[in-house]
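Report on the structure
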Amino acid sequence: MPEPADVHFLETAATLVPSGAPAPPGAPNAERCLELFDAQLGSRHLDLAARRLQAQGHGFYTIGSSGHEGNAAVAGALRPDDPALLHYRSGAFFLERARQVPGRNPLRDVLLGLVAAAEEPIAGGRHKVFGSRPLNVIPQTSTIASHLPRALGVAFAIERAARLGLDSPWPRDAVTVCSFGDASANHSTAAGAVNAAVNCGYQGLPLPLLLVCEDNGIGISVPTAPGWIEAAYGSRPGLAYFPADGCDLADAHAAAARAAGWVRERRRPAFLHLRTVRLMGHAAPTSSRRTGPPPRWRPTWSGTRSCGPRASSSTAAPRPRGTSSASTRPNARRSRRWPRRSRGPRAWRPPRRSWRPSGTPAPAGGRVARTGSRSRWLRRSTGPSASCWTSGPACSSSARTWRARAASTGSRAGW
């Protein structure tokens, strides 16, 4: 079945016509917009390919970048010799960075990671991550906010190596960029890293660190309070704050250029707040109905507005309609299915059920329904203890993990 987000994008992009309006101040020229837009398309089609591969049994767990393609503008505002520690939704950033370095084939590299191929040059097929030594993209794990302290150290080391006269992989005026999500910004690891960066700035220590928060308004299934990121990081002493609409390519590029230039010139940390949306669920095995809809539901989804500078400019070389999309993902099929908005937590996740032997008391808060010689209950609580009782197709990966741990512990104890 076609992805509703992809169908909506194709139908909306097919209706775009040049408006003839002048480009906004600071916007990239037409050819630059086409380059960034190609990176955005490549990232979206990697997500679609990942879902098809998984449905066919050839792909494995992955987290897509759909809705976050605006980070291509961040890569466009930086240099390829700037070290980057990337969020797991940075597909467009990675593709745009690879475009700046000749001889790279980023689409193939990411696809090899999706199928866990040993020839994958980033992690040897162990995990789907973004990384490349020639691109100065340092590979990270997907542990929440674990790369922020490392990015802080890289930024600190650039200036310290220059002061001590030591060799460094990066030039003296390089900027370290670190991207993360709005949910990660609430993690204690992120709070500690940002506090250390602000403390360095307060003491006058040079720290060329650009923090990029890609705020889609939801962390897996927990909404982020509207305005929280700006309230928490928009007025921190010693931390410059740059807001931008990540769904508007011109605005994102202009804000990213200002933020990168500020850090490069002053050697002080800055916070770039990109407002984005999350499409097609948290990860490939999940759907938006199970993890909740984007809290800022927009009639025009990410990717469509990025076509604006391209369609409104009369200086770009004309291309047949749909040429870029067709060259990246052929045979795009259309459908008129539209995603149904969820109306609450029960619409996002199917009921959790499990079987237990007859006569065993139900857990606290459970509702027993006898069926033959077995009984089943529906847990009303949440958390790891509730996940231990789940099973069947609705069972999440965390539930299977907790159940496996319980079985392993019981076998070692001689149960």
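Let us look at the structure shown here. All values derive from a computational prediction rather than experimental measurement. Within each chain, residue numbers correspond to sequence positions counted from 1 in written order. Selection of residues for local features in this predicted model requires a pLDDT of at least 70, selection of side-chain atom pairs for listing and counting requires 80 or more, and totals for whole chains, interfaces and linings are taken over all residues. Hydrogens and waters are ignored; side-chain quantities use all the structure's heavy atoms.

Moving on, we come to the overall build of the protein chain. Each helix is a run of DSSP H or I of at least 4 residues and each strand a run of E of at least 2, with the numbering of both proceeding from the N terminus. Each helix and strand counted, the protein chain has 15 helices and 10 strands in total. Burial classification: accessible surface area is computed with a 1.4 Å probe over protein chains only, and a residue below 20% of its type maximum counts as buried, one above 50% as exposed, and the rest as partly exposed. Considering the protein chain as a whole, with its 415 residues, one finds that 49% of them fall into the buried category. Contacts are assigned to residue pairs that have any heavy atoms within 4.5 Å of one another. Partitioning the intrachain contacts of the protein chain with sequence separation of at least 6 by distance along the chain shows that 72% fall at a separation of at least 24. Method for areas: the Shrake-Rupley scheme with a 1.4 Å probe, in which residue coverage is limited to the protein chains shown. For the protein chain, the computed accessible surface area is about 20,100 Å², with 56% contributed by carbon and sulfur atoms.

Side-chain rings of Phe, Tyr and Trp, where Trp is taken by its six-membered ring, are said to pair if the distance between their centres is within 6.5 Å; with planes under 30 degrees apart they count as stacked, over 60 as edge-to-face, and otherwise as tilted. Evaluated as defined, the whole model comprises four aromatic pairs. Here the aromatic rings of tyrosine 233 and phenylalanine 271 are separated by 4.9 Å at their centres, their planes lie at 5°, and the arrangement is stacked. Taken together, the residues tyrosine 233 in helix 8 (residues 228–233) and phenylalanine 271 in strand 7 (residues 270–275) connect sequence positions 38 residues apart. A ring pair is formed by tyrosine 241 and phenylalanine 271, whose centres lie 6.1 Å apart and whose planes are at 20°; its orientation type is stacked. Separated by 30 residues along the polypeptide, tyrosine 241 in strand 6 (residues 240–245) and phenylalanine 271 in strand 7 bring together distant segments of the chain. Aromatic ring contacts, followed pair by pair, group Phe180, Tyr233, Tyr241 and Phe271 into a single cluster.

With that settled, consider the sheet that holds strand 3 (residues 209–215). Two strands make a pair as long as DSSP finds a minimum of two bridges between them. If you trace the five strands from one edge of the open sheet to the other, you get 1-2-3-7-6, paired in parallel fashion. A single partner strand is all that each edge strand has here, and the edge strands are strand 1 (84–85) and strand 6. Here strand 2 (residues 176–181) pairs with strand 3 via six bridges, running parallel. When the bridges of strand 3 are listed, glycine 181 appears paired with glutamate 214. On the sheet, helix 6 (residues 148–164) packs against strand 1, strand 2 and strand 3 and is oriented at approximately 165° with respect to strand 2. To obtain an axis, a line is fitted to C-alpha atoms, over the contacting stretch when the element is a helix, and the angle between two such axes runs from 0 to 180 degrees between their N-to-C directions.

Okay, helix 2 (residues 30–55) next. Each residue after the first adds 1.5 Å to the expected span of a helix. Relative to the 38 Å expected for 26 residues at 1.5 Å per residue, helix 2 spans 38 Å between its end C-alpha atoms, a close match to the ideal helical length. Here a polar contact is recorded for every N or O atom pair within 3.5 Å, except that within protein the pair must consist of a potential hydrogen donor and a potential acceptor, and residues adjacent in sequence are included only if both atoms are side-chain atoms. A side-chain oxygen of the first residue of helix 2 lies 3.4 Å from the backbone nitrogen of glutamate 31; this N-cap is asparagine 29. Looking at the residues trailing helix 2, positive phi occurs at glycine 57, about 85°.

What follows covers helix 4 (residues 91–99). Among the nine residues in helix 4, eight count as buried, and that is most of the element. Among the residues of helix 4, those classed as buried are Gly91, Ala92, Phe93, Phe94, Leu95, Glu96, Arg97 and Ala98. Contacts made by the buried residues of helix 4 are with helix 2, helix 3 (71–77), strand 1, helix 5 (106–114) and strand 2.

Among the seven residues of strand 3, seven are classified as buried, and the element is accordingly described as predominantly covered. Of the two faces of strand 3, the one holding Leu209, Leu211, Cys213 and Asp215 and the one holding Leu210, Val212 and Glu214 are both buried throughout. If you view a crossover with the strands going away from you and the path from the first strand over the helix to the second runs clockwise, you call it right-handed. In terms of handedness, the path from strand 2 via helix 7 (residues 188–202) over to strand 3 forms a crossover that is right-handed. Bridge count between strand 3 and strand 7: six bridges; the pairing is parallel. Bridge pairing in strand 7 links cysteine 213 to histidine 273.

Right, let's get into the pattern of salt bridges. The rule for a salt bridge is simple: a side-chain nitrogen of Lys or Arg has to be within 4 Å of a carboxyl oxygen of Asp or Glu. Counted according to the given criterion, the structure contains 11 salt bridges. Note that aspartate 173 and arginine 79 form a salt bridge whose closest N and O atoms lie 2.9 Å from each other. Here aspartate 173, found in the loop between helix 6 and strand 2, pairs with arginine 79, found in the loop between helix 3 and strand 1; they are 94 residues apart in sequence, far enough to count as distant. Classification of arginine 79 by relative accessible area gives partly exposed; the value is 26%. Glutamate 159 is the salt-bridge partner of arginine 172, the closest N and O atoms lying 3.1 Å from each other. A residue pair is termed long-range when its members are at least 10 positions apart, and arginine 172 in the loop between helix 6 and strand 2 and glutamate 159 in helix 6 qualify at 13 residues. Relative accessible area serves as the criterion here: at 6%, glutamate 159 is assigned to the buried category.

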